[in-house]
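Listed here are the chains, written in short residue letters.
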Amino acid sequence: MLYREAGQFRATYAEDQQIFPLRQDRIGVAALLVFAFVVIPLVGDQYWLSAILTPFLIFALAALGLNILTGYAGQLSLGTAAFMAVGAFATYNFVLRVPGIPILVAFVLAGICAALVGIAFGLPSLRIKGFYLAVATLAAQFFVLWAIQRIGWITNYSASGVITAQNYSILGIPIDTPVSKYVLTLSIVTVLALLAKNLARSETGRAFMAVRDMDVAASVIGIPLMRTKLLAFAISSFYCGVAGALYAYTYLGTVEPEAFNLDLSFRILFMIIIGGVGSVLGSFLGAAFIVLLPIVLNYVVPPVSEATGIEISHAIISNLELMIFGGLIIFFLIVEPHGLARLWQIGKEKLRLWPFPH
Amino acid sequence: MRADATAQQGAGGGTAPATGAARAVGAPILVVEGVSLAFGGVKALQGVSFDVREHEIRAIIGPNGAGKSSMLNVINGVYHPQEGTITFKGRSRHDMVVHEAAAQGIGRTFQNIALFRGMTVLDNIMTGRNLKIRSTFLEQALWIGRAKREELEHRRKVEEIIDFLEIQHIRKTPVGRLPYGLQKRVELARALAMEPELLLLDEPMAGMNLEEKQDMCRFVLDVNEQFGTTIVLIEHDMGVVMDISDRVVVLDYGRKIADGTPDEVRANQAVIDAYLGVAH
């Protein structure tokens, strides 16, 4: 009833191919953006902004990057964190070695560095698929971290490999408060998410999905497999690289190479499995889920333990988190391989009729 | 049946170089000479030669395992033969490269449906236009200028094909949800979106009921008639083959055993033996 397209006629192909064809979606997205850009910075406290919302956005961006590669183009990768590391350490070096470089330019250049590394480690995808490709990308994960730790130049010869993000400003406004860091992250993530949505609905996105669904048929209608796969690796790594740069510059401030370990790659993979493979929205839902779950558990479990009289220690809560993750991943793989995004879509289809039965 | 199709030929929007008037079979567009293909010890094709003339409907028939699908795979470069030459539009080569075949105007459908199952009908057909899109991924990401214009232009072309094959009602449906007969039609649509000059159809009517077969026959004839597309088709239904094809090649155990008009082939003793068996 509330959510349906009745009365919205699309008379031209241009109208039919809009990024959000439904009026309700357009209003919803606009409202969400206003809320995120205006309301949250006004009311959000420091803890929420810098410990929850900023990392959520960064993880969403990294998940989006992985989703482009794995969800859209069908190439499984376990090297996400490595590409993020390239982005973070490349930004550090650009700011360090190019005096006066605008930070946004440094982010873009860092993304391009990550894209180049992504292409290099994407080369095996031309010959191997699926499981074997995942193992090949694992090489990226270990090699990149090893290189960062061993090549002193990359970390500016810091003893433990730890780098500290330099201070930076945009248009003379120093980005040093939780609010400004949140707004910067949000702006970058919003722009990149819209670009990803555009890519998904145009020729590049269709070529990615064609390669994913049936590569022989894709090549028979003229889609060059090599170029398409490498482009997927490049774009995906660009997104991961920018996410890594933000991870260092708007979230942690001080990072060591170990922050980008295999654990992080797996976390991001879980995000897209739970959120929805092959969906821009799913990347955000998955990231929100994984960032928020521990917090929700911390709020929910103590009252429950008090009420029931069962003593639950913090160690058990963090184990509980792992158990719930594991259980949910198995649940989603079996029951809903398209994740939360698919549940959202089903919900929307139901809402078309609600509250009437027909 | 041929006469029916000619009568039906109306004011349909042609996407390919439409002949308009009655189609005229022209010079050979594809010549296959002495093609041999082996997988290890299995000889799939042995010295097969035939030609396909412009605007004709050419059938390849033969018992199971005769090498029919292998022949199509050789023509559009999925398989690379050990011997022989393939001449397409006057250019001879030892083997085709898949991408080049597509760029040169060879379209293809598969015996087992090879649609992109995660995508809608519309997106599936739009992928058929990929070779004609010039904008780069950056323009597409920004959705500006050429990228936006091209998307609309190609959407218009694709809608013409959707109209032509009468699948308007399912354009936004994911192909995985469609029944078999419609999936076959969508696959034909995707191949047509390439505006091919030569269309290879691998058993387009396999597994269909009578009504669906009649529809598909009509579409194949209409494509040939209105767009002037040359068609090479593999089919097991002899009724269909004899009705719609101009000339027939018969393969058996990787060798060509007959070649000619449907009537000639039907009367050929070697063909009868291949299909019915022969007493030793």
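Computed from a predicted model, the values in this text were never measured in an experiment. (Residues numbered from 1 in each chain as written. Chains lettered and ligands numbered in written order. Predicted model: local features only at pLDDT ≥ 70, side-chain atom pairs only at ≥ 80, totals over all residues.)

## Considerations on the overall build of chain A
The helix and strand tally for chain A stands at 14 helices and four strands. Relative to the 2.2 N^0.38 estimate, which gives 21 Å for 358 residues, the radius of gyration of chain A is 21 Å and therefore close to what a compact globule would have. Taken along the three principal axes of its C-alpha coordinates, chain A extends 70 × 65 × 45 Å. Across the 358 residues in chain A, those meeting the buried criterion constitute 42%. Long-range contacts, defined here as pairs at least 24 residues apart, represent 75% of the contacts in chain A between residues at least 6 apart. (Helix = DSSP H or I, 4+ residues; strand = E, 2+ residues; numbered from the N terminus. Rg over C-alpha atoms; globule rule 2.2 N^0.38 Å. Buried ≥ 20, exposed ≤ 12 C-beta atoms within 10 Å, placed from the backbone. Contact = placed C-beta atoms within 7 Å.)

## A look at the overall build of chain B
Looking only at helices and strands, chain B features 11 helices and 10 strands. For 280 residues, the compact-globule estimate of 2.2 N^0.38 gives 19 Å, and the C-alpha radius of gyration of chain B, at 19 Å, lies within 12% of that figure. If you line up chain B on its principal axes, its C-alpha atoms span 70 × 40 × 35 Å. Classification of the 280 residues of chain B by burial places 45% in the buried group.

## Quick word on the interface of chain A and chain B
Accessible area lost on assembly of the parts is the figure often given for the size of an interface. With 26 residues of chain A at the interface, the matching set in chain B holds 32 residues. Among the secondary structure elements, those contributing two or more residues to the side of chain A that touches chain B are helix H1 (13-16), helix H7 (178-200), helix H8 (203-213) and helix H9 (215-220) of chain A. Among the elements that take part in the side of chain A that touches chain B, H8 of chain A stands out by supplying eight residues, more than any other. Residues that form the side of chain A that touches chain B fall into these classes: 15 nonpolar, seven polar and four charged. (Nonpolar A, V, L, I, M, F, W, Y, C, P; charged D, E, K, R; others polar.)

## Comments concerning the domain arrangement of chain A
In terms of domain boundaries, chain A breaks down into domain 1 (1-9 + 20-36) and domain 2 (44-351). Relative to domain 2 of chain A, the C-alpha centre of domain 1 of chain A lies at a distance of 27 Å. (Domains from an automatic or database assignment.)

## Focus: the pairing of strand S2 (residues 42-53) of chain B
Residue and element names in this part refer to chain B. Looking at chain direction, strand S1 (residues 28-39) and S2 are connected through eight bridges and run antiparallel. When the bridges of S2 are listed, Val-31 appears paired with Asp-51. Hairpin connection from S1 to S2: two residues lie between these consecutive antiparallel strands, with Gly-40 at a positive phi of about 60°. (Pairing = 2+ DSSP bridges.)

## Looking at the domain arrangement of chain B
All names here are of chain B. Each assigned domain of chain B is listed here: domain 1 (2-105 + 196-276) and domain 2 (119-194). Computed from C-alpha coordinates alone, the two centres of domain 1 and domain 2 are separated by 25 Å. Contacts between the two partners involve 14 residues from domain 1, matched on the other side by 13 residues from domain 2. By residue class, the composition of the side of domain 1 that touches domain 2 is nine nonpolar, four polar and one charged.

## Looking at the sheet that holds strand S10 (residues 255-260) of chain B
Residue and element names in this part refer to chain B. If you walk across this open sheet you meet the six strands as S6-S7-S8-S3-S9-S10, and the pairing is mixed. Looking at which strands have only one partner, the edges of the open sheet turn out to be strand S6 (106-109) and S10. Pairs of neighbouring strands in the sheet enclose a mean axial angle of 15°, with direction left out of account. Packed onto the sheet, helix H2 (residues 68-75) meets strand S3 (57-61), S6, strand S7 (198-202), strand S8 (230-234) and strand S9 (247-252) and runs at close to 150° relative to S7. Contacting S6 and S7, helix H7 (residues 180-193) runs over the sheet at an angle of about 170° to S6. (Axes fitted to C-alpha atoms, helices over the stretch in contact; angles between N-to-C directions.)

## A short note on the nonpolar core
Residue and element names in this part refer to chain A. Counting residues in each nonpolar core, the largest one holds 176 residues, and the members touching the most others are Leu-61 and Ala-85. In terms of residues, this core owes the most to one element, helix H10 (residues 225-252), which gives 16 residues. Excluding anything up to four places from it in sequence, Ala-85 contacts Val-144, Leu-145, Ile-148, Gly-244, Pro-257 and Phe-260. (Core = buried A, V, L, I, M, F, W, Y, C linked by C-beta atoms within 7 Å.)

## Observations concerning helix H5 (residues 103-122) of chain A
Here H5 of chain A spans 28 Å end to end across 20 residues, near enough to the 28 Å set by a 1.5 Å rise per residue. On its buried face, H5 of chain A is in contact with helix H4 (80-97), helix H6 (130-150), strand S2 (169-170) and H10 of chain A. (Expected span 1.5 Å × (residues − 1).)

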